[in-house]
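Given next are the chains, with one letter for each unit.
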Amino acid sequence: QVQLVESGGGLVQAGGSLRLSCAASGRTFSSYTMGWFRQAPGKEREFVAAISWSGGNTYYADSVKGRFTISRDNGKNTVYLQMNSLKPEDTAVYYCAQDRTYRRYYYATMADEYDYWGQGTQVTVSS
């Protein structure tokens, strides 16, 4: 059984930074793309960033490109999301997720391409 546990959320002022972590267990972490999604109140869950199983490729939503960086440490079974220059519109619950496809060849940006999800961590950006 795969378990994903996020941490690192909190309250930060606009322009500030936060680093989210997601620790994974239960499946060969280094063989699966990992993604971050977020969901704001009253809105649908949206893609934020993804990183390939090798860590060699990353992909970002336009809304966070240049401000957020996704990375992974396969030795620690952990994926990270460094968030800089945060804006009030970044306020949401952030979820990490693991791809359902072993060593996917292309990017996974849709929620239904992921089969395991963390419990979420709240990020609140004040203006």
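Before any of the text, the structure's been laid out above.
Residues numbered from 1 in each chain as written. Predicted model: local features only at pLDDT ≥ 70, side-chain atom pairs only at ≥ 80, totals over all residues. Heavy atoms only, no water.

Colleague: Outline the pattern of salt bridges, listing residues and values.
Modeller: Side chains that differ in sign of charge can pair as their charged atoms come close. Counted by the stated rule, this structure contains seven salt bridges. Of the charged contacts in the structure, one is a salt bridge between Asp115 and Arg27, with a shortest N-O distance of 3.1 Å. Remark: Arg27 occurs in the loop between β3 (18-25) and β4 (34-39) and Asp115 occurs in strand β10 (residues 114-117); sequence separation between them is 88 residues. A salt bridge links Asp90 to Arg67; the nearest nitrogen and oxygen atoms lie 2.7 Å apart. With Asp90 in the loop between β8 (78-83) and β9 (92-99) and Arg67 in the loop between β6 (58-60) and β7 (68-73), this pair connects stretches of sequence that are 23 residues apart. Taken individually, Asp90 and Arg67 each receive the classification buried, so the pair is uniform in this respect. Where salt bridges share partners, they join Arg38, Glu46, Arg67 and Asp90 into one cluster. (Salt bridge = Lys/Arg side-chain N within 4 Å of Asp/Glu carboxyl O. Helix = DSSP H or I, 4+ residues; strand = E, 2+ residues; numbered from the N terminus. Buried < 20%, exposed > 50% of the residue type's maximum accessible area, 1.4 Å probe, protein only.)

Colleague: Report on the pairing of β9, specifying residues and quantitative values.
Modeller: Burial analysis of β9 places seven of its eight residues in the buried class, which makes it a mostly covered element. The sheet contact formed by β4 and β9 spans six bridges and is antiparallel. Within β9, the position partnered with Arg38 by the bridge is Tyr94. Of the strand pairs in this sheet, β9 and strand β11 (residues 121-126) are connected by three bridges, and their pairing is antiparallel. Bridge pairing in β11 links Val93 to Gln122. (Pairing = 2+ DSSP bridges.)

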